Amino acid sequence: MVDIHQFITSVEEEFEEMPKGALTTESNLREHFTWDSINALIFIAHVNVNYNVEITAEDLINSTTVEDLYNIIKLKADSSSPSTVTVPS
Amino acid sequence: MAIFPLPGIRISGIASAVPRGVYHNRDYEYLTEKEKELFIKTVGVAKRRVAPKGMTTSDLCEAAAIKLMHELGWDPADIEILVFISQSRDYLIPATAGILQEKLGLPKSCVAFDISLGCSGYVYGLSVMGSQMLTAGIQKGLLMVGDVSTQTTGPRDKSTFPLFGDAGTVTALTLDPQAAPMHFNLQTDGKGYKAIIIPDGGIRNLVTPESFTEEKITEGIERNRLQIALDGMEVFRFSLREVQPNIERMLQDAGKNLEEVDYFVLHQANRLMNESIRKKMRIPPEKCPYSMEEYGNTSSASIPLTISHALRDVIQEGKNRLVLSGFGVGLSWGSVYLETEKLVCPEIIEI
């Protein structure tokens, strides 16, 4: 999983209308995104394609800041990472 | 697991028909200008074909079949199987396949039946009809697949109204021992049956006066119980989760890798969804054709319609290796690898 600053850069690239540098770790998501169905789909698709993590609309709604959302994604990414899976010998 | 090869069946031709009437989504007053722009760019449907009241899927399939049989030089008397796949049949009873058998002048010795599937229907249909032709030794068959979805979308439901378009298609299959085997992977998850549903009008919930009462589900989504309800988020997540492994497992069974495939024709559900699947699978954009900008989500017709629309020139020339993948209502999904050679593929017919 990339660090939070790389995550922010990738989100800013995905949402073309968003000026570079608009988001910080403390940014309030609701001030930058309206979670109507299409924007939510774009975000869910972005996370799925780039980090192979499935997030839900609830994950978006329940996150206040960019950092909150990043932590949810990171937790899911780390828990599905092959390095954390115990392989029976 | 339903992962299997099907030898001895060749696609000889594909034809598609659409209604003449065009609906431009920029004219949809229920969305703001900004919403329209975002919808057209992200979901990918700029316009779509809409059948007038009374025009059925079978009317579209019939027009396509007459054209295709003429171009193939097929005599209706030689066709021994007709399978009609749709979720918008002519009547609740009887099956539509028999009506088409009679209209097209096919013999009484012809096997004819319906299958009720949507987005995955084309792939399932190739498997069912091909298998029956192989076991029964049937030489020629017509697979008729399509939907008129626009009659059952609520005009004040922004999650479905601007999405769907109408189309009917026909695919001619021939028994041919020399044909390269098709390879299928078919799957189902009925847990998600409510994700795309028309709740009333079947036997579970008979039509009552309340069926016609429009309910406000959320802002921008009002519909009655005879109109389609779509949980877009659920279908989106299902598709991102299931399509890639389904195709990869099928190709593994077929002994092919992604580079050996010329075109991936995906069900035209939602441009963002298809692009996400394409990027995850690292398929170059030129191998992933679209028809939804022009025709919308045409349900079961979307795969053959995309071939008619976007691959007509290449499919008529030489050999092509295709992966077709349908996914959605059911939840039902499946993919097939197949090879084509000089298909007969007339221009899309308008009626």
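These numbers were taken from a predicted model, which means no experiment stands behind them.

(A) Main features of the packing of helix H3 (residues 37-51) of chain A against helix H5 (residues 232-254) of chain B. Where H3 of chain A contacts H5 of chain B, the two axes come as close as 11 Å, and the packing angle between them is 15°. Classified by the angle between their axes, H3 of chain A and H5 of chain B sit roughly parallel to one another. Crossing angle aside, the handedness with which H3 of chain A passes H5 of chain B is right-handed. Residues Ser-37, Leu-41, Ile-44 and Asn-48 of chain A of H3 of chain A form the contact with H5 of chain B, whose participating residues are Gly-232, Met-233, Phe-236, Arg-237 and Leu-240 of chain B. A per-class count over the contact of H3 of chain A with H5 of chain B returns five nonpolar, three polar and one charged.

(B) Focus on the packing of H5 of chain B against helix H6 (residues 271-280) of chain B. Residues and elements named next belong to chain B. Where H5 meets H6, the closest approach of the two axes is 10 Å, and the angle between their N-to-C directions is 30°. For the element pair H5 / H6, the angle class is roughly parallel. Judged by the twist between their axes, the crossing of H5 over H6 is right-handed. Contacts from Phe-236, Ser-239, Leu-240, Val-243 and Gln-244 in H5 reach Met-273, Ser-276, Ile-277 and Lys-280 in H6. In terms of residue class, the contact of H5 with H6 is built from five nonpolar, three polar and one charged.

(C) Up close: the sheet that holds strand E6 (residues 111-115) of chain B. Residues and elements named next belong to chain B. Here we have six strands laid out as an open sheet, ordered E6-E5-E7-E8-E2-E17, and mixed in their pairing. Each edge of the open sheet is held by one strand with a lone partner, namely E6 and strand E17 (349-350). Across eight bridges, strand E7 (residues 140-147) lies against strand E8 (residues 167-175) in antiparallel orientation. What sits directly across from Gly-141, in E8, is Leu-173. Lying over the sheet, helix H3 (residues 96-103) contacts strand E5 (81-85), E6 and E7, oriented at roughly 130° with respect to E5.

(D) Quick look at the confidence of the model for chain A. Confidence in the prediction of chain A, expressed as mean pLDDT, is 82, and 89% of residues score 70 or more. For the stretch residues 83-89 of chain A, pLDDT sits under 50, and the model shows two contacts to residues farther than four places along the chain or on other chains.

(E) Local environment of the nonpolar core. Residue and element names in this part refer to chain B. Core analysis: the largest hydrophobic core is formed by 108 residues, its most contacted members being Leu-82, Val-83, Leu-143, Met-144 and Val-170. Ranked by the residues each element gives to this core, the list is headed by H5, at eight residues. The residues touching Leu-143, leaving out its near neighbours within four places in the chain, are Val-83, Gly-125, Leu-126, Met-129, Val-170, Thr-171 and Leu-173.

(F) Highlighting the interface of chain B and chain A. Each partner contributes residues to the interface: chain B has 14 residues there, and chain A has ten residues. Contributing elements (two or more residues each) for the side of chain B that touches chain A: helix H1 (33-42), H5 and H6 of chain B. Counting residues per element, the side of chain B that touches chain A draws most heavily on H5 of chain B, which supplies six residues. When the residues that make up the side of chain B that touches chain A are grouped by side-chain class, the tally is six nonpolar, four polar and four charged.

(G) Layout of the sheet that holds strand E9 (residues 182-188) of chain B. Residues and elements named next belong to chain B. On the basis of which strands lie adjacent, the open sheet formed by five strands has the order E1-E9-E16-E15-E14 and mixed pairing. Strands at the two margins of the open sheet, each flanked by one partner only, are strand E1 (3-6) and strand E14 (263-266). Put simply, the sheet's adjacent strands are angled 20° from each other on average, direction ignored. Direction of pairing for E9 relative to strand E16 (residues 332-341): antiparallel, over a ladder of six bridges. Residue pairing for E16: Asn-185 is matched across the bridge by Ser-335.

Scoring rules and cut-offs
- Residues numbered from 1 in each chain as written.
- Chains lettered and ligands numbered in written order.
- Predicted model: local features only at pLDDT ≥ 70, side-chain atom pairs only at ≥ 80, totals over all residues.
- Axes fitted to C-alpha atoms, helices over the stretch in contact; angles between N-to-C directions.
- Helix = DSSP H or I, 4+ residues; strand = E, 2+ residues; numbered from the N terminus.
- Parallel < 35°, antiparallel > 145°, perpendicular 65-115°, else oblique.
- Left-handed = near helix turned anticlockwise from the far one by under 90°.
- Contact = placed C-beta atoms within 7 Å.
- Nonpolar A, V, L, I, M, F, W, Y, C, P; charged D, E, K, R; others polar.
- Pairing = 2+ DSSP bridges.
- pLDDT = per-residue confidence, 0-100.
- Core = buried A, V, L, I, M, F, W, Y, C linked by C-beta atoms within 7 Å.
- Buried ≥ 20, exposed ≤ 12 C-beta atoms within 10 Å, placed from the backbone.

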